[in-house]
Amino acid sequence: MTSNDDPPGDAAPLTAAVSSPLASTPEPTPRNWHFAWLVLAVGLLLAASTALYVRATEEKLARRDFASRCDDIHVTIEDRMDDHAAILLGGAALFDASDRVTREAWRAFTQRQNVDRRLPGIQGIGFALLIPPAALPRHIEEIRSEGFPQYTVRPEGDREVYSSIIYLEPFTDRNLRAFGFDMFSEPVRRTAMELARDTNRPVLSGKVVLVQETDENVQAGTLMYVPVYRKGMPTDSTEQRRAALFGWVYSPYRMGDLMQGVLGSRNLRREQSIHLEIFDGEQPSSQSLLYDSSPAANETPSPGVRFTQLERLDISGHAWTVRCTRTGSGGLAAARLGTWFTLVGGAFLAFMLFALVRVLESTGVAAQRRAKVLSDELQESAGQLQAILESTHDGILAVDNKGQMLQSNRQFADLWRIPPALLASRDDHAMLAHVRGQLAEPEAFLNKVQALYDTTAKDLGTIALKDGRVFERNSSPLWIGNTVAGRVWFFHDITARKQAAEALQLATERLTLATRAGGVGIWDYDVVNHRLVWDNQMFRLYGIGAQPFSGAYDAWQAGLHPEDRQRGNEEIQMALRGERDFDTEVRVCWPDGTTHSIRALASVQRDSGGQPVRMIGTNWDITAQKQAEAELQETNRRLAEATAYANDLASRAESATAAKGEFLANMSHEIRTPLNGVIGMTGLLLDTPLNPEQRPYAEAARSSGEALLGLINDILDFSKIEAGKLELETLDFELLSLLDDLATILAVRAHEKDLELFCGVDPAVPMRLRGDPGRLRQILNNLAGNAIKFTSAGEVAIRASLVEEAGSDVLLRF
């Protein structure tokens, strides 16, 4: 089609254009039989060319569909591995938020993840502890004391540092084989663990064989690590992270089980015969193969078309190479019927033309009478060809180099919605105007059409219509001999597929936001038409039903607290202008009079010109959180008041302590003066001649006085200790002599309870010491006296041994 001003000719259908020259062909002679062979060759060539073009188009569509399916598999694998990394980051956060994570707490955390339902295919979630060599014996004893008497760190041997898998849930079946394994001792695992430690992010290891494997169904494995650092230690630099490392949260994966969980019920061999292979690293090889959806396919490849696509995936800092292969004809078998119909129909037409020319050349005038019959058959063949064209779902149009129509099918008229009257009129200019009026960008397309005339270039692209439909266009030159006589256009309606892709993208964004918000209310705001769409949870959050909600933007504003309406509207407008993300908190008033706090998140979708067309967001109730924050503030206020009261009590206690010390000092002074007189007079009394009955009484009085004096001295010492004024003497003394005096004093009390009393000194202890012998005697007297007091039978021993001697300083143990 062109926009030239040449008057439209009486362009007949393609069949008529081919058959009309035959009516004026002069009576052939035997010497012109080569013309019949030329007709046959040209006919077969056209049939073969058309069939090859149809087949190339079918295979191009199949390749595009195959690439789309492969991309879907890649996205599914990447998203699932990101989900696994998120769980491990949650495990590391548990260690960051806890003073100590016990085995029971780890089991509760992993069970809460519910990975068997949410993320099937994971082997387990575990924690490996970093163990310095000096702490290894104590670590083994601690784990054994928890009820694992056979526990040890494997493999044995001396290393610079150890690690051990101490938690792994579920702690059953294969996972029991990993308990105590030192992953840091294996090079591939160690490389990933060190990278995670130094970068503070999830890291996937290379290909390994898991310790969980048995002799049956051995699968390639890999592991993902997230570092855990000690609380309170800095982790800003690589050196700081290495110093603060506490261990790793990790997950082991058996690749067969993992891919079964990731791909779910997807049957790759039945779904367009897709054969999936995953390799470790960037170079596919048999040694780096991690997963093969059909190992038998490599041994006995399926016949037919074979598509292959290689894609490099970055999985938590580690490269995977994914190879998708489609073997066999798959879905092309049915599609190639059009190719065979085109080839058979064209060949049939060519042979009919060949037969017709031969008959005309052989029989002369008699053959011309027969030519009418053959012409009818030829027209029937053309009708069959037209029926073949009508059987395809694509609209087909053939035009010459002047833009005049040569041939079209019914689908072309249906796609472009050409009225039957206009189609019957064969008015090329009117048809051009009709098509032009439906295009969203007519000038660009018509310029493209004009540029393709008289060229051998092919064209493939899309066309947008004003009514929202989208066509896929495909154009090739129309050859007659060695000359380009026009072009053949194919149009395919891809509106439904485009809308489905847009709907899928929209649903994916909504699902992503809902996941971030914890599965709460989802809303969709059509900015152009000012319409809101709420799910059921949104109505529950706002305390209303679906019936009274009008779906208008004003209806949402009406539910907000009067003090929050203006701010909520301003924040939405700022998000639409691209000035900030929509992330806010508002209050809503329920019809029952209660007020609830709502957290809101949203993302803005824009058209090609950057204008906002849609907002998709989530809401969730944070009323309880707000109440908890208010209660926490009140608790902090009360705690501050209690702290001030405690400080006041401490001040009063300090004053009381000072008063008590002053009282004890005065009391001891007042008591010690007369007591010294009593002791002195008792001593003088004992120096006088006393009868046997009087002397024991006097000695008892003096002993009691000395005991009372010692008690008063002890009280004064305690008072000095509390006041921080106790002073120690520094004297030279004999330790053995001190212990002998002590044994003499305590022997009577020990004898009264029928106890054995021993005093001994280690030979390594120096006999002559320098210190405060009085305080030492007081301490030993109190300790040994208490021992005698609370021992009913047996013995009480006082032993001195040397702990440390550094120069003139000696540390003893009693």
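Owing to the predicted nature of the structure, the values given are computational and were not obtained by experimental measurement.

What follows covers the pattern of salt bridges. Counting across every chain of the model gives 35 salt bridges. Arg436 is the salt-bridge partner of Glu443, the closest N and O atoms lying 2.2 Å from each other. A salt bridge links Glu634 to Arg637; the nearest nitrogen and oxygen atoms lie 2.2 Å apart. Note that Glu634 and Arg637 are positioned in helix H21 (residues 623-687) at a spacing of 3 residues, about one turn of the helix.

The set of residues buried in helix H16 (residues 442-452) consists of Phe445, Leu446, Val449 and Leu452. Viewed along the axis of H16, the buried residues span an arc of 120°, placing them on a single side of the element. On its buried face, H16 is in contact with helix H15 (428-438), strand S12 (459-464), strand S13 (470-480) and strand S14 (483-493).

Right, let's get into the packing of helix H2 (residues 34-97) against helix H8 (residues 255-263). At a minimum axis distance of 10 Å, the contact between H2 and H8 shows a crossing angle of 110°. In terms of their interaxial angle, H2 and H8 are classed as roughly perpendicular. Together, Ile73, Thr76, Ile77, Arg80, Met81 and His84 of H2 and Leu258, Met259, Gly261, Val262 and Leu263 of H8 make up the contact between the two elements. Considering only residue class, the contact of H2 with H8 consists of 7 nonpolar, 3 polar and 1 charged.

Counted by the stated rule, this structure contains 0 disulfides. Cysteine Cys324 shares no disulfide, and the gap to the nearest cysteine sulfur, in Cys70, comes to 3.5 Å. Given a relative accessible area of 0%, Cys324 falls into the buried group.

Bringing the packing of aromatic side chains into the picture now. Throughout the structure, instances matching the rule amount to 20 aromatic pairs. Note on Phe66 and Phe307: the rings are 5.8 Å apart at their centroids and 50° apart in plane angle, and the pair reads as tilted. Remark: Phe307 occurs in strand S8 (residues 307-315) and Phe66 occurs in helix H2; sequence separation between them is 241 residues. Judged by its relative accessible area of 2%, Phe307 falls in the buried class. Through successive ring pairs, a cluster of aromatic residues spans Phe95, Trp106, Phe109, Phe127, Tyr167 and Phe246.

One can find Gln212 in the loop between strand S3 (203-204) and strand S4 (221-229). For Gln212, a relative accessible area of 2% translates into the label buried. Residues Gln212 and Tyr253, spaced 41 residues apart in sequence, show a C-alpha to C-alpha distance of 9.9 Å. Setting aside residues up to four positions removed in sequence, Gln212 forms contacts with Gln123, Leu168, Arg174, Asn175, Arg177, Ala178 and Pro252. At 3.4 Å, the side chain of Gln212 and the side chain of Asn175 are in polar contact.

Turning our eyes to something else, we now look at the sheet that holds S4. Ordered by their spatial adjacency, 5 strands build an open sheet running S2-S1-S5-S4-S3, and the pairing between neighbours is antiparallel. The open sheet is flanked by strand S2 (162-169) and S3, the only strands paired with a single partner. The strands that H2 touches are strand S1 (125-131), S3, S4 and strand S5 (245-254); relative to S4, the one it contacts most, it runs at about 30°. Helix-sheet contacts for helix H6 (residues 187-199) involve S2, S3, S4 and S5, and the interaxial angle to S4 is about 30°.

So, how was this worked out
Residues numbered from 1 in each chain as written. Predicted model: local features only at pLDDT ≥ 70, side-chain atom pairs only at ≥ 80, totals over all residues. Heavy atoms only, no water. Salt bridge = Lys/Arg side-chain N within 4 Å of Asp/Glu carboxyl O. Helix = DSSP H or I, 4+ residues; strand = E, 2+ residues; numbered from the N terminus. Buried < 20%, exposed > 50% of the residue type's maximum accessible area, 1.4 Å probe, protein only. Arc of directions from axis to C-beta. Contact = heavy atoms within 4.5 Å. Axes fitted to C-alpha atoms, helices over the stretch in contact; angles between N-to-C directions. Parallel < 35°, antiparallel > 145°, perpendicular 65-115°, else oblique. Nonpolar A, V, L, I, M, F, W, Y, C, P; charged D, E, K, R; others polar. Disulfide = S-S within 2.5 Å. Phe/Tyr/Trp six-rings, centres within 6.5 Å; stacked < 30°, edge-to-face > 60°. Polar contact = N/O pair within 3.5 Å; in protein donor to acceptor, adjacent residues only side chain to side chain. Pairing = 2+ DSSP bridges.

Purely geometric numbers; function is a separate question.
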